[in-house]
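Chains, contacts and geometry: an overview
One letter stands for each residue in the lines below.
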Amino acid sequence: MISARELGIVWGDTPQYWRWTSHPESRFQEVAELLDVCWLEIHGKLETRLLSQSTLYKAYLVFKFTPEAFGFDNLPAEVTVGLEGGEHSNRTVFLHNEGEMNYSEEEMDYSDVGMDFSEGESDDAEGEINDSKGLSEDAEGESDETEGESNGAEGETRDAEVPEVVFNDDRYQRERSGWLEIELGEFFCEGGEDGLLKMHCLANGAGHWKSGLIVQGIEVRPKSKY
């Protein structure tokens, strides 16, 4: 598994939005806990020389929700997996927190959080977001067309109707080893040459706030395993 520390998480080094903490059920010393963000974006990469030849792999985001998590009610996420400079698989999955409460806009008061970043922080975030320009621009356009936190997911899924939550659907997470995992995509490793496998997850929810996601990492394993 690629640990959360080895992933690229937009705003991940800004204590106002993410914190790095320990978790008793994690195999790593640190996990990333989401405090408050609108823009949720995670990148992962893995050298293909570490994979077996002639093997089909699947990549999974491994995570949990805190009891107070919100913003993950059937939240659509655009995910991709593929070789750097090559073809990528693209699909939409849904992050869903069964225990989530429906908060009103009055209850979700972020007056103390604000978005008044310093110049350095703004430049850093702009650079990270530009690394995923294609998906980020699509998500930003959808965000502009959507008003109100209660309608967050609607604008982002105009072209794909949000399905009824069915947890044997591979577009949703499933439980494994005390954590949740959701499939990001698959990759066939032919072998014989070095390359960089890249994974990407963008779930900006049309600009509404999200909190309470705990990221352990991204696991890449042969499709037949588990």
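Note that the structure is a prediction, hence the values are computed from the model and not measured.

**Details of the pairing of strand β7 (residues 75–83)**
Counted residue by residue, β7 has 7 buried out of 9 residues, so it is predominantly covered. Across 8 bridges, the pairing between β7 and strand β8 (residues 88–95) is antiparallel. Bridge pairing in β8 links Val79 to Arg91. In textbook terms, the turn of a hairpin is the stretch between consecutive antiparallel strands, and for β7 and β8 this stretch comprises 4 residues, one of which, Gly85, has a positive phi near 80 degrees. Taken together, the 6 bridges between β7 and strand β11 (residues 196–202) define a ladder with antiparallel strand orientation. Of the residues in β11, the one forming a bridge with Val81 is Met199.

**Focus: the pairing of β11**
Among the 7 residues in β11, 5 count as buried, and that is most of the element. Pairing of strand β5 (residues 41–47) with β11 involves 7 bridges; the strand directions are antiparallel. Its bridge partner being in β11, Lys45 is matched across the sheet by Lys198.

**Quick word on the side chain of Gln216**
By secondary structure assignment, the location of Gln216 is in strand β12 (residues 211–222). Among the polar contacts made by the side chain of Gln216, one reaches the main-chain amide nitrogen of Arg27 at a distance of 3.0 Å. Dropping the residues within four chain positions of it, Gln216 is found in contact with Met1, Ile2, Ser3, Ala4, Glu25, Ser26, Arg27, Phe28, Val31, Val62, Phe63 and Trp179.

Basis of the calculations
Residues numbered from 1 in each chain as written. Predicted model: local features only at pLDDT ≥ 70, side-chain atom pairs only at ≥ 80, totals over all residues. Heavy atoms only, no water. Buried < 20%, exposed > 50% of the residue type's maximum accessible area, 1.4 Å probe, protein only. Helix = DSSP H or I, 4+ residues; strand = E, 2+ residues; numbered from the N terminus. Pairing = 2+ DSSP bridges. Polar contact = N/O pair within 3.5 Å; in protein donor to acceptor, adjacent residues only side chain to side chain. Contact = heavy atoms within 4.5 Å.

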